[in-house]
Amino acid sequence: MKTGIVLEGGALRTIFSSGVTDGLLAAGVDFDYLIGVSAGIAYGVSYMSKQFGRNLEILTRYANDKRYMGVRNLFKPGNRCYFGLKFTYEDIPERLVPFDYKAFAAWPGVAEAVVTDVESGRAAYLEVPRTSDRHFKLLQATCAMPLLFPIYEIGGHKYLDGGAADAIPYRRAFRQGCDRVVVVLTRERGYRREPEKLQKAIDLRYRHYPAFCETMRHRAQTYNAAREELFQLEREGKVLLLAPESTKGFSRVERDVQKIRALWQLGYDQAKERMEEIQAFLAP
């Protein structure tokens, strides 16, 4: 039997997922396959490297650091992104909150990141490199929120945020042969995405990529339908879902350290409280 875990994105709301995966680490629960979108996989690599609490340490230390995120970064030559790319993907993992590259490379499963091809508007699923992408270009690409990040070119294709085309890639996990799939959401069960408020700006900025604009135009409808299907799969016992009780008042670029700690704790406590259920679900 092949097990998989799916990690939704959601920028800093994904600290809930880090609480869940830290709970899984504490209990020694691992998977054969991992797929994440945006911050889901960017944070998920610390689960693969088995570094308990690493994402929480990063956010509590640097959420209010302008080098980490802030409008100024958008105007820096060579950055052009709300997040400080060098600081986030080089300085932090290499010096400030060291990433265990050796343990990451040794993780025995398969990990994929979702990106959106801006020319086709469709999702692409790329295996996360273990040794050849030390500055995490793929993780930057999957996190590349429209209007806030540059377009990334990898392997001759142009990519932006994977959440545009496939925000919760549970179908991909099943296509990859998983029999049991755990899905970690970053929005409460009752959440419904509204149509994109910045669609006009997206249409203007990405006018040379009409398929991508069309994907963004239908993003809310696609996302909400996927969640409904996911809840049906849960009722049928085919997936196990974990989701925060509430994310009200928590920004995707949250700076309140107490809120960040609290949302991580919610994820950790939920994993701990449901651990017997999780282990039974994953048992051969």
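This is a predicted model, so every value here is computed, not measured.

Novice: How should the packing of helix 1 (residues 15-27) against helix 12 (residues 275-282) be read in this particular structure?
Specialist: In helix packing, the relevant descriptors are the interaxial angle and the interaxial distance, both defined with respect to the helix axes. Contact geometry of helix 1 with helix 12 gives a least axis separation of 11 Å together with a crossing angle of 75°. Classified by the angle their axes make, helix 1 and helix 12 are roughly perpendicular. Where helix 1 abuts helix 12, its residues Gly23, Leu24 and Ala27 lie against Met275, Ile278 and Gln279.

Novice: What should I look at first to understand unusual backbone geometry in this one?
Specialist: Backbone geometry follows two general trends: most residues other than glycine have a negative phi, and most peptide bonds adopt the trans configuration. Residue serine 38 is not a glycine yet carries a positive backbone phi of 55°. Here serine 38 is to be found in the loop between strand 2 (33-37) and helix 2 (39-48). In this structure serine 38 comes out as buried when scored by relative accessible area, which is 7%. For arginine 80, which is not glycine, the phi dihedral falls at a positive 50°. Structurally, arginine 80 can be placed in the loop between helix 3 (54-62) and helix 4 (85-96). Classification of arginine 80 as partly exposed rests on a relative accessible area of 47%.

Novice: Which parts of the structure should I look at to understand helix 2?
Specialist: Note on helix geometry: an α-helix contains 3.6 residues per turn, so any two residues three or four positions apart are oriented the same way. A large share of helix 2 lies buried, amounting to 10 of its 10 residues. Among the residues of helix 2, those classed as buried are Ala39, Gly40, Ile41, Ala42, Tyr43, Gly44, Val45, Ser46, Tyr47 and Met48. Residue lysine 50 follows helix 2 closely and has a positive phi angle near 60°.

Novice: Would you take a moment to explain the pairing of strand 3 (residues 110-117) for this structure?
Specialist: Within a regular strand, the side chains alternate between the two sheet faces. Within strand 3, 7 of the 8 residues are buried, which leaves the element mostly enclosed by the surrounding structure. The sheet contact formed by strand 3 and strand 4 (residues 123-127) spans 5 bridges and is antiparallel. In the sheet register, threonine 116 faces strand 4, and the bridge partner there is alanine 123. Once strand 3 ends, the chain turns through 5 residues before running back antiparallel as strand 4, passing glycine 121 with a positive phi of about 75°. In terms of strand pairing, strand 3 meets strand 6 (residues 157-161) through 3 bridges, oriented antiparallel. Within strand 6, the position partnered with threonine 116 by the bridge is leucine 160.

Novice: What's the story with the environment of proline 195 in this structure? I'm lost.
Specialist: Within the element layout of this structure, proline 195 appears in the loop between strand 7 (180-184) and helix 8 (199-205). Judged by its relative accessible area of 56%, proline 195 is exposed. Sequence separation of proline 195 and threonine 247 is 52 residues, and the distance between their C-alpha atoms is 19 Å.

Novice: It is not clear to me how the environment of valine 118 should be interpreted in this structure. Could you clarify?
Specialist: Inspection of the secondary structure puts valine 118 in the loop between strand 3 and strand 4. Setting aside chain neighbours within four positions, we find valine 118 in contact with Ile151, Lys158, Tyr159, Leu160, Tyr209 and Phe212.

About the thresholds
Residues numbered from 1 in each chain as written. Predicted model: local features only at pLDDT ≥ 70, side-chain atom pairs only at ≥ 80, totals over all residues. Heavy atoms only, no water. Axes fitted to C-alpha atoms, helices over the stretch in contact; angles between N-to-C directions. Helix = DSSP H or I, 4+ residues; strand = E, 2+ residues; numbered from the N terminus. Parallel < 35°, antiparallel > 145°, perpendicular 65-115°, else oblique. Contact = heavy atoms within 4.5 Å. Buried < 20%, exposed > 50% of the residue type's maximum accessible area, 1.4 Å probe, protein only. Pairing = 2+ DSSP bridges.

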